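# Tertiary structure, described
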Amino acid sequence: MEKREFKAESKRLLDLMINSIYTNKEIFLRELISNASDAIDKYYYKALTDSDINFNKEDFFINISIDKENRELTIKDTGIGMTREELEDNLGIIARSGSFNFKNENDKKEDIDIIGQFGVGFYSAFMVSDSVKVKTKALGENEAFLWKSSGAEGYTIESTTKEKIGTEIVLKIKESTEDEDYDEFLDEYTIKALIKRYSDFIRYPIKMMITKQRQNDDSKEYEEYKELEIINSMVPIWRKNKNELDEQDYENFYREKHFGMDKPLKTIHFNVDGMVSYRSILFIPSNTPYDFYTKEYEKGLELYSSGVLIMEKCSELIPDYFSFVKGVIDSEDLSLNISREMLQNNRELKLIAKKIEEKIKDELKSLLENEREKYKEFFKNFGKGIKFGVYNDFGMNKEKLQDLLMFYSSKEKDLVTLDEYVEKMKEDQKYIYYASGDSIDRLDKLPQSEIIKDKDYEILYLTEDVDEFAIKILISYKDKEFRSVSSEDLGIEEDKEKKKEEEKTNEANKDLFLSMKEILGDKINEVKSSKRLKNYPVCLSSDGDISIEMEKILSSMSEDSSIKASKTLEINVNHDIFNTLQKVYSDDKDKFILYTNLLYDQALLIEGLPIEDPIEFSKNISKLM
Ligand SMILES: Nc1ncnc2c1ncn2[C@@H]1O[C@H](COP(=O)(O)OP(=O)(O)OP(=O)(O)O)[C@@H](O)[C@H]1O
């Protein structure tokens, strides 16, 4: 029989499992039981929706058995089973391994993080086993198959016989070593405790032979006997009352469902009775899933109809901007036979989705008000999605989401909400000021902001690509307009004297500025004396819909570089350089051209924009030296 190799990525994960650097080995049982339960879910759903399939509810169960002598632990389910192809596909490669890249071969800590990110799934069996056998027969198939593997060197698949549909996984438990006790996984008491701890809410009975004692009627001596017992309580967690549950219960459920390997940051357990009734447990994860900001990430909640799983990821239930929410919904008012297409227009589902959205928003607001640190953590992880929510669909949801936004404040040196900003605005302050760029440090030194800081106004620092787009869509908050520190009109009243003086300067240097504009051509709209600069010689400012920052982002997103901000080159006429400039303007035209180009390049650099012609720039610097 041919031995097949695992795919490279799976091999690495297997290696990790076999050498079991992961300390929490016992979770392998939870993983296998959870897979078994998923498989039964699939069968059960099919049975309920297909009248050709006869079934008995009692037929669905999971059985765990221990054979101490042969060091075997067996997990048997009456689920949907796997065909040969499915065995190959599901156990030969890691599910969802698309972007599974190990960065550093030797960095064990990182590996553990990776395991944490992915959930360990079926392969976790190798943490405790020398070899694993999977015997399975799929619904609708006559043939059964046996998959065998002793780890990294590969696996074999052969035909076998199996009477009933379902899957049986036999683990050959490792020998104990000085450091590791594997015998415990052959101990009835331990296994029972593990099932109780991790899999109590599994909705199908988990059966196991339990050793008991009884008094012999005749001899009155105690004797041992075995009895098949259902170990788990089987009540799905969402059917329990909140006061019966503690944090640990929710956490176990979160893990068992593979919502994440982190702890949930927030758990929302609520029931609704009304036109449409349902029960629900929602989670906000505390870490960003590794693929959250990629196309591969699939949002959605598990959807049950009266306790039967009908869809694993029902995306219609949550809006994109809350796609980080995981959880389950169980409603008696949904038909079992609902298809994806029907879902889109399903009235009940729409009502549920609307309510869920409101609930999530309320919970986030209360987190913000009552547990600010946690909210900040949340916002650092998922805030970007909310900002996209403000911006997308032409700002349709902006009113709903604006109170959830936070930005870094120049004054607080921390995240603030828009409401907090507006509350603290100075009496004479007209606008909500913001500066956008790629780092807080750089924004804090932006020449354009000097005049605003002088007035002691607060500035919001926007450092994510989406920020300025969201702000532009918002236009204003509580009747206060947003204004970029780089825009020409900052709405700051100048005193009359100063204004006159400035007009005079502009008039006196009209020709010089015009000349500069001619030298720079289309690169800029205008050259003029700056109102805002104090210590820096030059800066760029912009007005209009596209800011300089947005130009940067747009040009990084596409080849098309035709979208440009309309830029003004502002010159600080009180800076020494301006005197020099005036001098060369009347005495040395070549130098004037050189200085003009260099000043423009300087302004680009300050702005974080690339110099258009680096060779020319370097030549110019050499000339100067
Ligand atoms: N007992 C089983 N019965 C039927 N199919 C199974 C069984 N165990 C595993 N599988 C199949 O093998 C696949 C891989 O299982 P594995 O536990 O590695 O990952 P997963 O459960 O899909 O992902 P994750 O562990 O991240 O939730 C499953 O998706 C399922 O299709």
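Once a new chain begins, its residue numbering starts again from 1 and follows that chain's sequence as written. Only residues with pLDDT of 70 or above have their local features reported here, since the model is predicted, and side-chain atom pairs are shown and tallied only from 80 upward, although totals for entire chains, interfaces and linings are computed over all residues. Note that water and hydrogens are dropped before the side-chain values are worked out from all heavy atoms of the structure.

Inclusion rule: UniProt positions are given in the numbering used here, feature names are shortened, and annotations may be inferred rather than shown by experiment.
Taking an unreviewed UniProt entry as the reference, the chain is identified by name as Chaperone protein HtpG belonging to Tissierella creatinophila DSM 6911. Recorded in UniProt for the chain, the comment headed Function (unreviewed entry) runs: "Molecular chaperone. Has ATPase activity." For the chain, the Sequence similarities (unreviewed entry) comment in UniProt is given as "Belongs to the heat shock protein 90 family."

## Considering the overall build of the chain
The cut-off we apply is this: Secondary structure follows DSSP: runs of H or I at least 4 residues long count as helices, runs of E at least 2 residues long count as strands, and numbering of each begins at the N terminus. Every radius of gyration here is taken over C-alpha atoms, with the globule rule written as 2.2 Å times N^0.38, N being the number of residues. Note on classification: 1.4 Å probe, protein chains only; a residue is buried when its accessible area is under 20% of the maximum for its type, exposed when over 50%, partly exposed between these limits. In what follows, residue pairs with any heavy atoms lying within 4.5 Å of each other are defined as contacts.
In terms of helices and strands, the chain carries 20 helices and 22 strands. The C-alpha atoms of the chain give 33 Å as radius of gyration, which overshoots the globular expectation for 625 residues (25 Å, by more than 25%). For the chain, the spread of C-alpha atoms along the principal axes amounts to about 120 × 55 × 45 Å. Residue burial in the chain is summarised as follows: out of 625 residues, 51% are buried. Relative to all contacts within the chain whose residues are 6 or more apart in sequence, the contacts with residues 24 or more apart total 70%.

## With respect to the sheet that holds strand β11 (residues 301-305)
Hydrogen bonds between backbone atoms are what pair the strands of a sheet, whose relative direction is either parallel or antiparallel. Defined as follows: We call two strands paired when DSSP finds no fewer than two bridges between them. Here an angle of 0 to 180 degrees is reported between the N-to-C directions of two axes, which are lines fitted to C-alpha atoms, with helices fitted over the stretch in contact.
Reading across from one edge, β9-β10-β13-β11-β12 is the order of the five strands in this open sheet, with mixed pairing throughout. In this open sheet, the two strands that pair with only one neighbour each are β9 (264-272) and β12 (308-314). Ignoring strand direction, the axes of neighbouring strands in this sheet form an average angle of 15°.

## Considerations on the packing of aromatic side chains
Put simply, the test is: Ring pairs are drawn from Phe, Tyr and Trp, using the six-membered ring of Trp, whenever the two centres fall within 6.5 Å, and their geometry is named by plane angle: stacked under 30 degrees, edge-to-face over 60, tilted for the rest. Whether a charge sits over a ring comes down to the Lys NZ or Arg CZ being within 6 Å of the ring centre and within 35 degrees of the ring normal.
Summed over all chains, the structure comprises 33 aromatic pairs. Their ring planes at 65° and their centres at 5.0 Å tell us that Tyr254 and Phe283 sit as a pair that is edge-to-face. One end of the pair, Tyr254, is in helix α6 (residues 247-256); the other, Phe283, is in strand β10 (residues 278-285), with 29 residues separating them in the sequence. Comparing Tyr254 with Phe283 shows no difference in burial state: the two are buried. Through pairs of rings, three or more aromatic residues link up here, namely Phe292, Tyr293, Tyr297, Tyr321, Phe322, Phe324, Tyr375, Phe378, Phe379 and Phe382. Positioned over the ring face of Tyr431 is Arg483, at 4.1 Å from the centre of the ring.

## Description of the domain arrangement of the chain
Heads up, the rule is: An automatic or database domain assignment is the source of the domain bounds shown. For any pair of parts, buried area is found by adding up, for both, the accessible area (1.4 Å probe) each one loses once the two are put together.
Taken domain by domain, the chain comprises domain 1 (8-230), domain 2 (237-370), domain 3 (384-484) and domain 4 (496-550 + 564-624). Look at where the C-alpha atoms of domain 3 and domain 4 centre, and you get two points 28 Å apart. At the junction of the two partners, domain 3 supplies 13 residues and domain 4 supplies 16 residues. Summing the contributions of domain 3 and of domain 4, the shared interface buries around 1,300 Å²; its carbon and sulfur component is 50%.

## Structural notes on the pattern of salt bridges
Heads up, the rule is: Should a side-chain nitrogen of Lys or Arg be within 4 Å of a carboxyl oxygen of Asp or Glu, the pair is scored as a salt bridge.
Taken as a whole and judged by the stated rule, the model has 46 salt bridges. A salt bridge links Lys25 to Glu180; its shortest N-O distance comes to 3.0 Å. Of the two residues, Lys25 is situated in the loop between α1 (8-18) and α2 (27-49) and Glu180 in the loop between β6 (166-173) and α5 (188-199); the sequence distance between them amounts to 155 residues. Residue classification places Lys25 among the buried residues on the basis of a relative accessible area of 5%. Among the salt bridges present, the one from Glu551 reaches Lys564, with a minimum N-O distance of 3.8 Å. Highlighted residues: Glu551 in helix α17 (residues 548-557) and Lys564 in the loop between α17 and β22 (566-571), separated in sequence by 13 residues. One network of salt bridges, in which partners are shared, links Lys192, Lys212, Glu227 and Glu229.

## Section: the environment of Ser409
We apply this condition: The term polar contact refers here to a pair of N or O atoms within 3.5 Å; inside protein, the definition further demands a hydrogen-donor-capable atom paired with an acceptor-capable atom, and it admits residues adjacent in sequence only when both atoms are side-chain atoms.
Mapping Ser409 onto the fold places it in strand β14 (residues 406-409). The exposure class of Ser409 is buried, given its relative accessible area of 0%. In the structure, Ser409 is positioned 52 residues away from Tyr461 in sequence and 6.1 Å away in space, judged by C-alpha atoms. Not counting residues within four places of it along the chain, the set of residues in contact with Ser409 comprises Asp414, Val416, Glu458 and Ile459. In terms of polar contacts, Ser409 uses its side chain to reach the backbone amide nitrogen of Glu412, at 2.8 Å.

## With respect to the environment of Thr160
Following the sequence through the fold, Thr160 ends up in strand β5 (residues 155-160). Note: C-alpha distance between Thr160 and Thr136 (24 residues apart in sequence) is 8.8 Å. Among all residues touching Thr160, those that are not within four sequence positions of it are Lys135, Ala144, Phe145 and Leu146.

## Section: the side chain of Asp601
The cut-off we apply is this: Neither His nor the chain termini are counted; the positive set is Lys and Arg, and the negative set is Asp and Glu.
Among the structural elements, Asp601 can be located in helix α19 (residues 589-607). The charged side chain of Asp601 is buried without a salt bridge, its nearest counter-charge being Lys523 at 6.0 Å. For Asp601, the residues in contact, after removing those within four places along its chain, are Ile611 and Phe617.

## A closer look at unusual backbone geometry
Even without a glycine there, the phi angle at Asp456 is positive, about 65°. Structurally, Asp456 is set in the loop between α13 (450-454) and β17 (459-462). Residue Asp456 is classed as partly exposed on the basis of its relative accessible area of 39%. The phi angle at Asp479 is positive, at roughly 65°, despite the residue not being glycine. With respect to the helices and strands, the residue Asp479 is situated in the loop between β18 (476-477) and β19 (480-484). A relative accessible area of 79% means that Asp479 is categorised as exposed.

## Let's talk about the pairing of strand β2 (residues 72-77)
As defined by bridge partners, strand β1 (residues 62-67) adjoins β2 across six bridges and the pair is classed as antiparallel. Following the sheet pairing, Ile66 is matched in β2 by Leu73. A loop of four residues connects β1 with β2, the two strands running antiparallel in sequence, and Arg71 in this loop sits at a positive phi of about 55°. Bridge count between β2 and β6: six bridges; the pairing is antiparallel. The partner of Lys76 across the bridge, within β6, is Glu168.

## Things to note about helix α9 (residues 372-395)
This is how the line gets drawn: Every helix has an expected span of 1.5 Å times one less than the residues it contains. The term bend refers to the angle at a residue between two fitted axes, each drawn through seven residues, those ending there and those starting there.
Between its first and last C-alpha, α9 extends only 26 Å over 24 residues, short of the 34 Å set by a 1.5 Å rise per residue. At Phe382, α9 shows its maximal bend, which comes to roughly 65°.

## Comments concerning the packing of α9 against helix α14 (residues 465-474)
Stated precisely, the cut-off is as follows: Note on terminology: angles under 35 degrees are roughly parallel, angles over 145 are roughly antiparallel, angles of 65 to 115 are roughly perpendicular, and the others are oblique. Two helices crossing with the near one rotated counterclockwise from the far one by less than a right angle form a left-handed crossing, whereas a clockwise rotation gives a right-handed crossing.
Two elements in contact, α9 and α14, have axes whose closest approach is 9 Å; the angle formed by their N-to-C orientations is 45°. Judged by the angle between their axes, α9 and α14 are oblique. For the element pair α9 and α14, the recorded crossing hand is left-handed. Contacts between α9 and α14 involve Lys384, Lys387, Phe388, Val390, Tyr391, Phe394 and Gly395 from the first element and Val466, Asp467, Phe469, Ala470, Ile473 and Leu474 from the second.

## Points about the sheet that holds β18
Across the sheet, six strands lie side by side as β15-β14-β17-β16-β19-β18; this open sheet has mixed pairing. Looking along the sheet, the strands with just one partner apiece sit at the ends: β15 (415-417) and β18. As paired elements, strand β16 (residues 432-436) and β19 share three bridges and run parallel to each other. Paired with Tyr434 across the two strands is Ser484, which belongs to β19.

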